[in-house]
Amino acid sequence: MPASAERYLEVQRSEEFAQLRHRLRRYIFPTTIAFIVWYSLYVLLSAYARDFMAVKVIGNINVALIFGVLQFVSTFLIAWHYSRYAAQKLDPLADEIHGTLESGSVAEAAPAANDGGKA
């Protein structure tokens, strides 16, 4: 196996990479579930609670229209919040891992792990 491939495997096994995956999953999974529940609520209400969704709030603006616009708003808010989260929690760790990979110090720091690893 080429040295670069061994370094990539070593980085993948590192504690820093595990921490990066943990931080990403800790954000992505709950956010995704919350958005799917929110979207499903909108769809179910549109399908089965037509009278509620038809309630006019202001002029010709009804609950369904407000919920529909809030779908877009929530999507943009999630994207904005993820961008901030990534910049604060993910990117510094990813940059550190990338720097370690580029410097080649991962393979030098743990030569025994490279010998025992099988692809």
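Definitions and cut-offs
- Residues numbered from 1 in each chain as written.
- Predicted model: local features only at pLDDT ≥ 70, side-chain atom pairs only at ≥ 80, totals over all residues.
- Heavy atoms only, no water.
- Patch = residues over 30% accessible without salt bridge, like charges linked within 9 Å, V, L, I, M, F, W, Y side chains within 5 Å.
- Areas by Shrake-Rupley, 256 points an atom, 1.4 Å probe, with all protein chains shown as cover.
- Salt bridge = Lys/Arg side-chain N within 4 Å of Asp/Glu carboxyl O.
- Helix = DSSP H or I, 4+ residues; strand = E, 2+ residues; numbered from the N terminus.
- Core = buried A, V, L, I, M, F, W, Y, C linked by side-chain atoms within 4.5 Å.
- Buried < 20%, exposed > 50% of the residue type's maximum accessible area, 1.4 Å probe, protein only.
- Contact = heavy atoms within 4.5 Å.
- Axes fitted to C-alpha atoms, helices over the stretch in contact; angles between N-to-C directions.
- Parallel < 35°, antiparallel > 145°, perpendicular 65-115°, else oblique.
- Nonpolar A, V, L, I, M, F, W, Y, C, P; charged D, E, K, R; others polar.
- pLDDT = per-residue confidence, 0-100.
- Phe/Tyr/Trp six-rings, centres within 6.5 Å; stacked < 30°, edge-to-face > 60°.
- Expected span 1.5 Å × (residues − 1).
- Bend = angle between axes of the 7 residues up to and from the residue.

Visitor: Residue-level account of a nonpolar patch on the surface, with values.
Guide: Side chains of V57, I58, I61, L65, I66, V69, L70, V73, L77 and W80 sit close together on the surface and give an oily, nonpolar patch of about 870 Å² of accessible area. Broken down by secondary-structure element, the contributors of at least two residues to the nonpolar patch are β1 (56-58) and α4 (63-103). Ranked by residue count, the leading element in the nonpolar patch is α4, at seven residues. With respect to the helices and strands, the residue I61 is situated in strand β2 (residues 61-62).

Visitor: Kindly report on the nonpolar core, identifying the contributing residues and their values.
Guide: Counting residues in hydrophobic clusters, the biggest one holds nine residues: V11, L20, Y27, Y85, A86, L90, L93, I97 and L101. Sort the elements by how many residues they give to this core and α4 lands first, with six residues. Once you skip the residues sitting within four places of it in the chain, A86 turns out to touch D91 and P92.

Visitor: Account for the packing of helix α2 (residues 15-48) against α4, naming residues and giving values.
Guide: The geometry of α2 relative to α4 is characterised by a closest axis approach of 10 Å and an angle of 180° between their N-to-C directions. With respect to α4, the axis of α2 lies roughly antiparallel. Looking at the contact of α2 with α4 residue by residue, the classes come out as 20 nonpolar, seven polar and five charged.

Visitor: Outline the confidence of the model for the protein, listing residues and values.
Guide: For the protein, the average pLDDT comes to 86, and 84% of its residues sit at 70 or higher. The model gives residues 107-119 a pLDDT under 50, and that stretch makes 11 contacts with residues more than four places away or in other chains.

Visitor: So what's going on with the packing of aromatic side chains? Residues and values would help.
Guide: Across all of its chains, the model carries four aromatic pairs by this definition. The interplanar angle of 50° and the centroid separation of 5.6 Å between the aromatic rings of Y27 and Y82 together place this pair among those described as tilted. Placement of Y27 in helix α2 and of Y82 in helix α4 is noted, with a sequence separation of 55 residues between them. Residue classification places Y27 among the buried residues on the basis of a relative accessible area of 11%. Residue Y82 is classed as partly exposed on the basis of its relative accessible area, which comes to 31%.

Visitor: For the environment of H22, give the residues involved together with the corresponding values.
Guide: Counting through the fold element by element, H22 comes out in helix α2. Put simply, H22 and L90 are 68 residues apart on the chain and 10.0 Å apart in space, counted from C-alpha to C-alpha.

Visitor: Go over α4, please, and point to the residues and values.
Guide: For α4, spanning 41 residues, the distance from its first C-alpha to its last is 56 Å, which sits close to the expected 60 Å at 1.5 Å a residue. Within α4, the axis deviates most sharply at A86, by approximately 45°. All buried positions along α4 are accounted for by V63, F67, G68, Q71, S74, Y85, A86, L90, L93, I97 and L101.

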